[in-house]
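Below, each chain spelled out in residue letters.
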Amino acid sequence: MSGNAKYDKILDALQALLENRNMQTITVSEIAQVAGIGKGSIYYYFNSKDAIMEALIERNYKKPLEIAKNLAKQTDVPPFTRMAMILQACRNSSIEYIRQNTAATSAASAQEQAYLHQKYIQYLISELKPELAAIIKQGIAIGEIHFDYPDALAEIVLIVLTVEIGNTLAPSSQEEIEETMRALVALLEKGTENPVGSLNFLLSF
């Protein structure tokens, strides 16, 4: 139902409230008031406040994820290059998440930030896992990747990326993040039977 004016007003209202408030203290009535609509209208579109939050996250990250999905489908491009495009999408959306939430950081508690980021991670992984798994399976089919669990591998990669790049659930220094990314690439090389150093280009994305 995205694209409906009233639907978008509801999302805009929650976005505005989150700039100075914690999600847990915001009520559906307040969202309706800021949106300039009746409370009953909200329940026509959403069955809960969490559903509004999930729709807001989806709207905020729709564009970079669509770009990633379109690029991932370019089967004439080598699998690991397309995987790098997925990694870049994760990086871009994580940077955007941090930028959008900077203004609200002083108002939101650490627990609140963790809650919002968890919602973001769930959405990002659910959207990108099928695309990344498909790329890995294509690589297996053409003999460039050797791995028995493509879906699990896709999920592991995305979990590491979203936690490390987002850097809110387990805050790390830049040096620690880079070390984790190098370790991820090393595991990918070993797990997919690629030569040591052959996937270092993934670190530049």
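Residues numbered from 1 in each chain as written. Predicted model: local features only at pLDDT ≥ 70, side-chain atom pairs only at ≥ 80, totals over all residues. Heavy atoms only, no water.

Caption draft 1: Spotlight on the side chain of threonine 192. Take threonine 192: it is sitting in the segment after helix H9 (174-191). Exposure remark for threonine 192: the relative accessible area of 1% places this residue in the buried category. A polar atom in the side chain of threonine 192 sits 2.9 Å from the side chain of asparagine 194. Excluding anything up to four places from it in sequence, threonine 192 contacts Phe80, Glu144, Ile145, His146, Leu153 and Leu199. (Helix = DSSP H or I, 4+ residues; strand = E, 2+ residues; numbered from the N terminus. Buried < 20%, exposed > 50% of the residue type's maximum accessible area, 1.4 Å probe, protein only. Polar contact = N/O pair within 3.5 Å; in protein donor to acceptor, adjacent residues only side chain to side chain. Contact = heavy atoms within 4.5 Å.)

Caption draft 2: Focus on the pattern of salt bridges. What the rule picks out here adds up to 6 salt bridges. Close ionic contact of arginine 59 with aspartate 8 constitutes a salt bridge, the shortest N to O distance being 3.7 Å. One end of the pair, arginine 59, is in helix H4 (residues 49-60); the other, aspartate 8, is in helix H1 (residues 5-18), with 51 residues separating them in the sequence. Take arginine 59: its relative accessible area is 28%, and that puts it in the partly exposed class. Across the salt bridge formed by glutamate 155 and lysine 129, the nearest N and O atoms sit 2.8 Å from each other. With a gap of 26 residues between them, glutamate 155 in helix H8 (residues 150-166) and lysine 129 in helix H7 (residues 110-141) connect regions that are remote in the sequence. Residue classification places glutamate 155 among the partly exposed positions, given a relative accessible area of 31%. Salt bridges sharing common partners tie together Asp8, Asp12 and Arg59. (Salt bridge = Lys/Arg side-chain N within 4 Å of Asp/Glu carboxyl O.)

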